[in-house]
Amino acid sequence: MADLAIIGGTGLTSLKGLEIIRKEVVHTPYGEPSGPLVHGLLAGKEVIFLPRHGAAHTIPPHRINYRANIWALKLMEVKRVVAVAAVGGIGAEAHPSAIVIPDQIIDYTWSRTSTFFDENLTQVTHVDFTYPYCAKLRKMLVDSGREINIDLSDRGVYGATQGPRLETAAEINRLAHDGCTLVGMTGMPEAALARELDLSYACCAVVANWAAGRGDGSEITMAEIERHLKSGMEKVRHLLEHLVPKL
Ligand code: HPA
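Here's a quick rundown of the structure. Keep in mind it's a predicted model, so treat the numbers as computed, not measured.

1. What to know about the side chain of Glu224
Turning to step 1, where the next piece is worked out: Inspection of the secondary structure puts Glu224 in helix α5 (residues 222-243).
Turning to step 2, where the next piece is worked out: Buried Glu224, no salt bridge; nearest opposite-charge side chain is Arg227, N-O distance 5.8 Å.
Turning to step 3, where the next piece is worked out: The residues touching Glu224, leaving out its near neighbours within four places in the chain, are Ala208, Asn209, Trp210 and Glu219.

This is how it looks when you write it as structure tokens:
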């Protein structure tokens, strides 16, 4: 049985090195996940892989069924979830193709269904979210990266925006003023839902571009994003292959 699930983001719709055992279609009370769960062996260990945007990368951030995805992974009885996510870099250390393991989140998304504790409750429930990511899993990611000499940043504040458009330069200035060092569109409500189901969840962010108005301030192109993600995701693959046998 798999202990770990990996949610792949933009640039990671399939996991090279994953020896696929089977694909499983899972239905949940919240609807359909982004696609079949991929059961496979990574570095000899069973893991479950789920591409967040669908196998063909067709589901935009605001349309992802985050509840179905997290519920499906819980049904599989995984204990840990590593969420790989493409982000824009705001802080100086978050340069394109850098890897960052964030430790905090600010949520700017809206109108997304963001809780399992919604209807037909026997009791109103508020989960603690002071530290939104699992400290133990974060440390494992950081240590694994460092052990194989991947240059990574061990903290960051992930600003979750609604998308699918990129931000304005003024919006990024506001995020920076709030303390965000990264910006992405899928970090929430995913992290909160994982906490509600008591899953150990951490994010491995890959910087795809300087956020709007940062860097040399030029326009952000998909070609640039793809180029940086390619090199960043290679590092993530190595990191995961090093992490998995230690679990
Ligand atoms: N903003 C939001 N999400 C992103 C970005 C960005 O600049 N790059 C990759 N995902």
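2. Some details on the pattern of salt bridges
Turning to step 1, where the next piece is worked out: Under the definition given, this model contains 11 salt bridges.
Turning to step 2, where the next piece is worked out: Close ionic contact of Glu234 with Lys16 constitutes a salt bridge, the shortest N to O distance being 3.4 Å. Here Glu234 is found in helix α5, whereas its partner Lys16 is found in the loop between β1 (4-8) and β2 (19-24), with 218 residues between them in sequence.
Turning to step 3, where the next piece is worked out: The class for Glu234 is partly exposed, based on a relative accessible area of 28%.
Turning to step 4, where the next piece is worked out: Given the relative accessible area of 53%, Lys16 is considered exposed.
Turning to step 5, where the next piece is worked out: Measuring nitrogen to oxygen at the nearest pair gives 3.4 Å for the salt bridge that ties Arg22 to Glu24.
Turning to step 6, where the next piece is worked out: Using a relative accessible area of 41% as the deciding quantity, one classes Arg22 as partly exposed.

3. A short note on the site of the ligand
Turning to step 1, where the next piece is worked out: What surrounds the ligand is the set Ala86, Val87, Gly88, Leu166, Glu167, Val183, Gly184, Met185 and Asn209.
Turning to step 2, where the next piece is worked out: Separating a nitrogen atom of the ligand from a backbone N or O atom of Ala86 is a distance of 3.4 Å.
Turning to step 3, where the next piece is worked out: Separating a nitrogen atom of the ligand from a side-chain N or O atom of Asn209 is a distance of 2.7 Å.
Turning to step 4, where the next piece is worked out: When the free accessible area of the ligand is taken as 260 Å², the share hidden by the protein chains comes to 93%.
Turning to step 5, where the next piece is worked out: When residues of the shell around the ligand are assigned to their parent elements, the largest contribution, 3 residues, is made by strand β5 (residues 80-89).
Turning to step 6, where the next piece is worked out: Broken down by class, the residue content of the shell around the ligand amounts to 5 nonpolar, 3 polar and 1 charged.

4. Quick word on the nonpolar core
Turning to step 1, where the next piece is worked out: Counting residues in hydrophobic clusters, the biggest one holds 38 residues, and the most contacted among them are Leu37, Ile48, Ile70, Leu73, Val78 and Val81.
Turning to step 2, where the next piece is worked out: Listed by contribution, the elements that provide at least two residues to this core are β1, β4 (45-51), α1 (66-75), β5, β9 (157-160), α4 (190-196) and β11 (200-210).
Turning to step 3, where the next piece is worked out: Other than its neighbours up to four places away in sequence, Ile70 contacts Ile7, Phe116, Glu190, Leu193, Ala194, Leu197 and Leu199.
Turning to step 4, where the next piece is worked out: If you look at the next biggest cluster of nonpolar residues, it comprises 31 residues, including Val84, Cys204, Ile225 and Val244.

Parameters at a glance
- Residues numbered from 1 in each chain as written.
- Predicted model: local features only at pLDDT ≥ 70, side-chain atom pairs only at ≥ 80, totals over all residues.
- Heavy atoms only, no water.
- Helix = DSSP H or I, 4+ residues; strand = E, 2+ residues; numbered from the N terminus.
- Buried < 20%, exposed > 50% of the residue type's maximum accessible area, 1.4 Å probe, protein only.
- Lys, Arg positive; Asp, Glu negative; His and termini not counted.
- Salt bridge = Lys/Arg side-chain N within 4 Å of Asp/Glu carboxyl O.
- Contact = heavy atoms within 4.5 Å.
- Near = heavy atom within 4 Å.
- Polar contact = N/O pair within 3.5 Å; in protein donor to acceptor, adjacent residues only side chain to side chain.
- Areas by Shrake-Rupley, 256 points an atom, 1.4 Å probe, with all protein chains shown as cover.
- Nonpolar A, V, L, I, M, F, W, Y, C, P; charged D, E, K, R; others polar.
- Core = buried A, V, L, I, M, F, W, Y, C linked by side-chain atoms within 4.5 Å.

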